[in-house]
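# Examination of the molecular architecture
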Amino acid sequence: MPTPTPTAAPPVTGAAPLLRLSSVSKRFGGVRALTDVDLTVAAGTVQGLIGPNGAGKTTLFDIISGITPASEGTVHFADHDVTAVSATRRARLGMRRTFQRAQVFSWLSVEDNVLAGLEWHGGGGGVLADLLSLPSRRTLEHQRRERVAEVLEWCGLTELRKVSAGALPLGQQRLLELARAIADRPRLLLLDEPTSGLAHAESDRFGELVLSLRGEGCAVVLVEHDAAFVMRTCDRITVLDLGSVLAEGTPAEIQANQAVRDAYLG
Ligand SMILES: Nc1ncnc2c1ncn2[C@@H]1O[C@H](COP(=O)(O)OP(=O)(O)OP(=O)(O)O)[C@@H](O)[C@H]1O
């Protein structure tokens, strides 16, 4: 069956902020990695985060996802103050993240990788329900399998579903990581250098999938070094330099910003 081409829907406008960072700073000993960073991301929009090496992008991602605590400032997500909330709890609220180095369970099949993205809600009755194969458990299992099939089709991975994830080339591992991240319909997706190491066609496809997610109301924040990808995929862009926000605006505004050109785009 041919893979359906995801349609790039327009951004959802007028939405309340889903993610809001206020005056976030981060120190590592004597190193100031971030200083007074504000960031607001609405549902159904794609926000790019760019800046030179060492600007603080990864640190900001770590703070948003809860891997690293901020030294100062607050993080609000989905109407909750999550500043002091664990990464696991943030994930339960609907936050998902991919990493600079694609992280897949290499020993599992492609479809089991995506299934793993759904498993963590628990099995509706636990081990006992499994042992007794209760109808509620069978229904849940069926729904999960259906969702996995849907996501694999959407990411163009259906024909590879039985293949070990570790045997996939990088481009398909990135798609698989995305498939696992979106299986549970996240509200916010954080993508760390999603096109790194991808061929042009793969990166184009990745961009289409991101725009399609946006059309479904998912907010996406992406750190990316490929400026062309950022310009065509993002609704708004935040430029970090030396740990501070240098500029924020639409791709056109960022492209025309002289300070940004000097510091980053050249
Ligand atoms: N765990 C740490 N301990 C000490 N310093 C750190 C730590 N993590 C990051 N830094 C420093 O914080 C600053 C920001 O680093 P960060 O990795 O967030 O930048 P980046 O924009 O993601 O860079 P790149 O584009 O190279 O990935 C750098 O000066 C870095 O050396």
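Structural data are supplied above this passage.
A few points on the structure. Since we're looking at a predicted model, the values are computed, not measured.

Turning our attention to the site of the ligand. For the ligand, the full set of nearby residues is Phe 28, Ala 33, Pro 52, Asn 53, Gly 54, Ala 55, Gly 56, Lys 57, Thr 58, Thr 59, Gln 100 and His 225. Separating an oxygen atom of the ligand from a backbone N or O atom of Gly 54 is a distance of 2.8 Å. In isolation the ligand offers 640 Å² of accessible surface; the protein chains occlude 60% of this area. Of all the elements, helix α1 (residues 57-65) adds the most residues to the shell around the ligand, at 3 residues. Split into classes, the residues belonging to the shell around the ligand amount to 4 nonpolar, 7 polar and 1 charged.

Moving on, we come to helix α6 (residues 170-182). End to end, α6 covers 18 Å across 13 residues, agreeing with the expected 18 Å (1.5 Å per residue, within 8%). Burial of α6 is extensive: 11 of the 13 residues sit out of reach of the surface. Every buried residue of α6 is accounted for by Gly 171, Gln 173, Arg 174, Leu 175, Leu 176, Glu 177, Leu 178, Ala 179, Arg 180, Ala 181 and Ile 182.

Relative to strand β2 (residues 31-42), strand β1 (residues 17-28) runs antiparallel, the two sharing 8 bridges. Among the inter-strand pairings, Lys 26 is bridged to a residue of β2, identified as Leu 34. Counting the residues in the hairpin turn of β1 and β2 gives 2 residues, including Gly 29, whose phi is positive at 60 degrees. Bridge analysis of β1 against strand β4 (residues 72-77) gives 5 bridges, and the strand direction is antiparallel.

What follows is about the environment of His 200. Of note, His 200 is situated in helix α7 (residues 200-215). Owing to a relative accessible area of 70%, His 200 belongs among the exposed residues under this scheme. Note: C-alpha distance between His 200 and Phe 229 (29 residues apart in sequence) is 10.0 Å.

It is worth spelling out the nonpolar core at this point. Core analysis: the biggest nonpolar cluster contains 41 residues, and Leu 189 and Leu 222 have the highest contact counts within it. With 6 residues, the top contributor of residues to this core is α6. Residue assignment places this core across two domains, with domain 1 (17-104 + 170-265) and domain 2 (110-167) each supplying three or more. Setting aside chain neighbours within four positions, we find Leu 189 in contact with Arg 96, Leu 178, Ala 181, Ile 182, Leu 213, Cys 218, Ala 219, Val 220 and Val 221.

Looking now at the sheet that holds strand β9 (residues 236-241). Strand order in the open sheet formed by 6 strands is β6-β7-β8-β3-β9-β10, with mixed pairing between adjacent strands. Edge positions in the sheet fall to β6 (95-97) and β10 (244-249), since each has one partner strand and no second. Looking at each pair of strands side by side, their axes are set apart by 15 degrees on average, direction ignored. Here α6 sits on the sheet and contacts β6 and β7 (188-192); the angle it forms with β7, its principal contact strand, is near 160 degrees. Sheet contacts for α7: β3 (46-50), β7 and β8 (219-223); angle to β7, the most-contacted strand, approximately 160 degrees.

Within β8, 5 of the 5 residues are buried, which leaves it mostly tucked inside the rest of the structure. Here β8 shows no split at all, with Ala 219, Val 221 and Val 223 on one side and Val 220 and Leu 222 on the other all buried. Pairing between β3 and β8: 4 bridges, direction parallel. The residue bridging Gly 48 from the neighbouring strand is Leu 222, located in β8. Bridging between β7 and β8 involves 5 bridges; their strand directions are parallel. Considered in β8, the bridge of Leu 190 is made with Val 221. Traced from β7 through α7 to β8, the parallel crossover comes out right-handed.

This part takes up the sheet that holds β4. Judged by pairing direction, the sheet is antiparallel, and its 4 strands sit side by side in the order β2-β1-β4-β5 without closing on themselves. Edge strands, defined here as strands with exactly one partner in the open sheet, are β2 and β5 (80-81). Bridge count for β4 against β5 is 2 bridges, and the pairing is antiparallel. Note that in β5 the partner of His 76 across the bridge is Asp 81. Running at roughly 120 degrees to β1, α1 makes contact with β1, β2 and β4 of the sheet.

Rules and cut-offs
- Residues numbered from 1 in each chain as written.
- Predicted model: local features only at pLDDT ≥ 70, side-chain atom pairs only at ≥ 80, totals over all residues.
- Heavy atoms only, no water.
- Near = heavy atom within 4 Å.
- Polar contact = N/O pair within 3.5 Å; in protein donor to acceptor, adjacent residues only side chain to side chain.
- Areas by Shrake-Rupley, 256 points an atom, 1.4 Å probe, with all protein chains shown as cover.
- Helix = DSSP H or I, 4+ residues; strand = E, 2+ residues; numbered from the N terminus.
- Nonpolar A, V, L, I, M, F, W, Y, C, P; charged D, E, K, R; others polar.
- Expected span 1.5 Å × (residues − 1).
- Buried < 20%, exposed > 50% of the residue type's maximum accessible area, 1.4 Å probe, protein only.
- Pairing = 2+ DSSP bridges.
- Core = buried A, V, L, I, M, F, W, Y, C linked by side-chain atoms within 4.5 Å.
- Domains from an automatic or database assignment.
- Contact = heavy atoms within 4.5 Å.
- Axes fitted to C-alpha atoms, helices over the stretch in contact; angles between N-to-C directions.
- Right-handed = clockwise from strand over helix to strand, strands pointing away.

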